[in-house]
Amino acid sequence: MITIGITAGDPAGIGLEVILKALGPFMGEARWILYVDQPSFEANHQRFAPSLEWAATSTSPEPGLSIEALGGFLAIPGEGSAATGRRALAALDAAARDALAGHLDAIVTGPVSKHLIGPTFRGQTDYLAERVGADRVAMSFFTPTFKVVLASTHVSLREAISAMSRERYEDILQLIDEQFRRFGYPPPRIAVAALNPHASEGGMFGTEEEEILRPAVERSRSGGIDVSGPHSADSLYYRAHTGEFDVVLAPYHDQGLIPVKLIARGDSANVTLGLPFVRTSPDHGTAFEIAGAGRAEPEGMATSLRWALELARRSSTGDRNIVRDQEQ
């Protein structure tokens, strides 16, 4: 039986609401363990999913929901604070501990507020990588039709460009190829997105394509990876959406995330590549402004639960017989 941990995220945000709204159809598919302070859980359970069954212990081998009660904190909806940031981090840390110990096959993380956790907190992806000692990770987004991997994440655009290097791109391309094979996919068709307009038109609008991206693509392709580019970004994402490529490697955060959110319109999940366990997360934030109002849409969380279940099953079974046309 697959066991999947879910972290509540910031308890003053919409995380618990969307988790409880989304879980119903998946209850019989796995053992779901929610890491949360019990008073915050009970308040949201009563409000948003009173008929959803749960247990106060995670020892049962049967499918269903149990909670790993972390403490007695009760969050006030919409009132994010340093205290709620600490509770979000406590849930994340407890789930990471159990995943490293082999008790979880996957983690689904609820949305957090980075600045409430602290000025050195760069995001859940970076935190988990440090927590487990993973030296190669990448943030990716899975949609029904294509996938995007980010070459840089939560840094300024200036920093993202200055950090570009042929070695960095070769390393990420190798990681993408390895991770998709790990999940039982066919060797992925990877497209590298250009940084500059029109892929710089031979150096007219910048040198990154000729000096960094093209050499990285050529060296990776000579090593057996199915990769091409750099491709002009203004048309690339639609080409991937219509089936020409499986994965796009984007040079910076917004170039990759804007098409994901426009094309998938909420039906996408953040998947961390390179961890020793599966980790997914919805592609939205805490939405403090509507927390507690009952208006939060659960589709993003449901997508994250579905991908966690799918990838955990692929990782555990080693299924190599699933073709592209059958991918979610």
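Residues numbered from 1 in each chain as written. Predicted model: local features only at pLDDT ≥ 70, side-chain atom pairs only at ≥ 80, totals over all residues. Heavy atoms only, no water.

Visitor: Help me understand helix α9 (residues 233-241) in this model?
Guide: Because an α-helix packs 3.6 residues into every turn, residues spaced three or four apart end up facing the same way. All of the buried residues in α9 are Ala-233, Leu-236, Tyr-237 and Ala-240. Taken down its axis, α9 places every buried residue within 90 degrees of arc, on the same side. Projecting away from the buried face of α9 at angles above 90 degrees are the exposed residues Asp-234 and Tyr-238. In this structure, the buried residues of α9 make contact with β6 (147-150), β7 (190-193), β8 (227-231), β9 (247-250) and α10 (253-264). One or two residues past the end of α9 sits Gly-243, with phi positive at roughly 105 degrees. (Buried < 20%, exposed > 50% of the residue type's maximum accessible area, 1.4 Å probe, protein only. Helix = DSSP H or I, 4+ residues; strand = E, 2+ residues; numbered from the N terminus. Arc of directions from axis to C-beta. Contact = heavy atoms within 4.5 Å.)

Visitor: How should the confidence of the model for the protein be read in this particular structure?
Guide: When pLDDT drops low, the exact placement of atoms in the prediction is not to be read closely. Scored by pLDDT, the protein has a mean of 93; 96% of the residues are at 70 or more. Contacts from residues 318-328, a stretch scored under 50 in pLDDT, to residues over four places away or in other chains number 25 contacts. (pLDDT = per-residue confidence, 0-100.)

Visitor: What is the right way to read the sheet that holds β9 from this model?
Guide: What links the strands of a sheet is backbone hydrogen bonding, and the strands pair in either a parallel or an antiparallel sense. The strand order β3-β2-β1-β4-β11-β10-β5-β6-β9-β7-β8 describes an open sheet built from 11 strands, whose pairing is mixed. The open sheet has two edge strands, β3 (64-69) and β8, and neither has a second partner. Along the sheet, successive strands turn relative to each other by an average axial angle of 25 degrees, direction set aside. Where β7 meets β8, 3 bridges bridge the pair, whose relative direction is parallel. Directly across from Ile-190, in β8, lies its bridge partner Val-227. Relative to strand β11 (residues 278-282), helix α5 (residues 124-132) is tilted by about 160 degrees, and along the sheet it contacts β1 (3-7), β4 (106-109), β5 (138-142), β10 (269-273) and β11. (Pairing = 2+ DSSP bridges. Axes fitted to C-alpha atoms, helices over the stretch in contact; angles between N-to-C directions.)

Visitor: Sorry, what's going on with unusual backbone geometry here?
Guide: Of all residues except glycine, most have a negative phi; of all peptide bonds, most are trans. Cis geometry is found at the peptide bond from Gly-229 to Pro-230, where omega equals 5 degrees. Residue placement: Pro-230 occurs in strand β8. Non-glycine residue Ala-199 carries a positive phi angle of around 55 degrees. Despite not being glycine, Ala-287 shows a phi value in the positive range, around 50 degrees. Secondary-structure assignment places Ala-287 in the loop between β11 and α11 (299-317).

Visitor: Whenever I open this one, the packing of aromatic side chains confuses me. Can you help?
Guide: Any aromatic ring pair is given by two values, namely how distant the centres are and how the planes are angled relative to each other. Tallying each qualifying case throughout the model produces 6 aromatic pairs. Geometrically, the ring pair formed by Phe-26 and Trp-32 is edge-to-face, given 6.4 Å between the ring centres and 65 degrees between the ring planes. One exposure class covers both Phe-26 and Trp-32, and it is buried. Between Phe-142 and Phe-180, the aromatic rings sit 5.7 Å apart at their centres with planes inclined by 20 degrees, giving stacked as the arrangement. Of the two residues, Phe-142 sits in strand β5 while Phe-180 sits in helix α7 (residues 166-182), which places them 38 residues apart along the sequence. Phe-180 shares its class with Phe-142; the two are buried. (Phe/Tyr/Trp six-rings, centres within 6.5 Å; stacked < 30°, edge-to-face > 60°.)

Visitor: Looking at this model, I keep getting lost on the pattern of salt bridges. Mind explaining?
Guide: Proximity of charged atoms lets side chains of opposite charge pair with each other. Considering all chains together, one arrives at 16 salt bridges under this definition. Overlapping salt bridges bring together Arg-166, Glu-167, Glu-170 and Arg-219 as one network. (Salt bridge = Lys/Arg side-chain N within 4 Å of Asp/Glu carboxyl O.)

Visitor: Even after reading the chapter, I still don't get the environment of Ala-312, so can you show me in this structure?
Guide: Positionally, Ala-312 belongs in helix α11. On the basis of relative accessible area, Ala-312 is assigned to the buried category, the value being 2%. Spatially, the C-alpha atoms of Ala-312 and Arg-219 are 31 Å apart, while their sequence positions differ by 93 residues. What Ala-312 contacts, discounting residues up to four positions off in sequence, is Ile-2, Asp-105, Ala-106 and Val-278.

Visitor: What is the right way to read α10 from this model?
Guide: Between the first and last C-alpha of α10 there are 16 Å, a value that for 12 residues agrees with the 16 Å anticipated at 1.5 Å per step. When α10 is considered as a whole, its buried residues turn out to be Gln-255, Gly-256, Leu-257, Pro-259, Val-260 and Ala-264. Where α10 is buried, its residues touch β5, β6, β7, α9 and β9. (Expected span 1.5 Å × (residues − 1).)

Visitor: Looking at this structure, I do not really get the side chain of Ser-113. What am I missing?
Guide: With respect to the secondary-structure elements, Ser-113 resides in the loop between β4 and α4 (114-117). Note on Ser-113: relative accessible area 8%, which makes it buried. Within the local environment of Ser-113, its side chain forms a polar contact with the side chain of His-115, the two groups lying 3.0 Å apart. Discounting chain neighbours no more than four positions away, the residues touching Ser-113 are Asp-10, Thr-286 and Phe-288. (Polar contact = N/O pair within 3.5 Å; in protein donor to acceptor, adjacent residues only side chain to side chain.)

Visitor: What am I meant to see in the environment of His-115 here?
Guide: Along the chain, His-115 turns up in helix α4. Between the C-alpha atom of His-115 and that of Ser-81, which follows or precedes it by 34 residues, the distance is 9.4 Å.

Visitor: Would you mind going over the pairing of β6 with me for this structure?
Guide: Two faces belong to every sheet, and in a regular strand the side chains alternate between them. Covered by surrounding structure in β6 are Lys-147 and Val-149 together with Val-148 and Leu-150, the residues of both alternating faces. Two elements, β5 and β6, share 3 bridges in a ladder whose sense is antiparallel. By the bridge assignment for β6, Phe-141 is matched with Val-148. Here β5 folds back onto β6, and the loop between the two strands holds 4 residues. In this sheet, β9 lies alongside β6 in parallel orientation, the contact comprising 4 bridges. Its bridge partner lying in β9, Val-148 is registered against Val-248.

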